Amino acid sequence: LNSLTNLDTVAEWCRAAVIQGGFGTTAALLGRRLPLLICPLQLEQSLLAWRLGKRGLAHGMSLSIQESAVDAKLTEVLENNSPLYALDDYANRYAAHEGQSTVNVIVKHCLESLN
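Residues numbered from 1 in each chain as written. Predicted model: local features only at pLDDT ≥ 70, side-chain atom pairs only at ≥ 80, totals over all residues. Heavy atoms only, no water.

(A) Quick look at the pattern of salt bridges. A complete count under the given rule lists four salt bridges for this structure. A salt bridge links R33 to D88; the shortest N-O distance between them is 2.9 Å. A residue pair is termed long-range when its members are at least 10 positions apart, and R33 in the loop between α2 (23-31) and β2 (36-38) and D88 in helix α5 (residues 84-93) qualify at 55 residues. By relative accessible area, which is 35% here, R33 ends up partly exposed. Bridged by salt links that share partners, the residues D8, E12 and R32 form one connected network. (Salt bridge = Lys/Arg side-chain N within 4 Å of Asp/Glu carboxyl O. Helix = DSSP H or I, 4+ residues; strand = E, 2+ residues; numbered from the N terminus. Buried < 20%, exposed > 50% of the residue type's maximum accessible area, 1.4 Å probe, protein only.)

(B) A look at a nonpolar patch on the surface. Residues V103, V107, L111 and L114 make up a contiguous nonpolar surface patch of roughly 390 Å² in combined accessible area. Within the secondary structure, V103 sits in helix α6 (residues 99-114). (Patch = residues over 30% accessible without salt bridge, like charges linked within 9 Å, V, L, I, M, F, W, Y side chains within 5 Å. Areas by Shrake-Rupley, 256 points an atom, 1.4 Å probe, with all protein chains shown as cover.)

(C) Up close: the nonpolar core. Counting 16 residues, the largest nonpolar core has L29, L30, L36, I38, L52 and L57 as its most contacted members. When near neighbours in sequence (up to four residues on either side) are disregarded, I38 contacts I19, Q20, G21, T26, Q45, A49, L52, A58, H59, G60 and M61. Counting residues in each nonpolar core, the second largest holds five residues, with A16, L37, C39 and V77 among its members. (Core = buried A, V, L, I, M, F, W, Y, C linked by side-chain atoms within 4.5 Å. Contact = heavy atoms within 4.5 Å.)

(D) Main features of the sheet that holds strand β1 (residues 17-19). On the basis of which strands lie adjacent, the open sheet formed by three strands has the order β1-β2-β3 and parallel pairing. Every interior strand has two partners, whereas the edge strands, β1 and β3 (59-60), have only one. Bridge count for β2 against β3 is two bridges, and the pairing is parallel. Note that in β3 the partner of I38 across the bridge is G60. (Pairing = 2+ DSSP bridges.)

(E) Looking closely at the environment of G53. Structurally, G53 is set in helix α3 (residues 43-54). A C-alpha to C-alpha distance of 36 Å links G53 and L111, two positions 58 residues apart in sequence.

Just geometry here; none of it tells us what the structure is for.
Right, here's the structure in full:
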């Protein structure tokens, strides 16, 4: 893509998403109750994929495996509804959460601690 993507708009048209596992994208799509296949490239993305997998919120896999395994895993994500119960719980719990508000509180706290 050559421009910014509105994840809310994209999520309306998707049955699942294959992502790298960045925090913002992951949180936005989880909030839309979208099953995720996280294919991490960085350590923090791998840790996030593992933690979400343990909670039943996402599937994870390495892209360094054979293409046929990727196809099988994507089919599993599309056909396996078991994570959906966890997605509903997550989405309901964080429905009113605004990431920018959290950032503002953290910045304010950091600035106050400097005084």
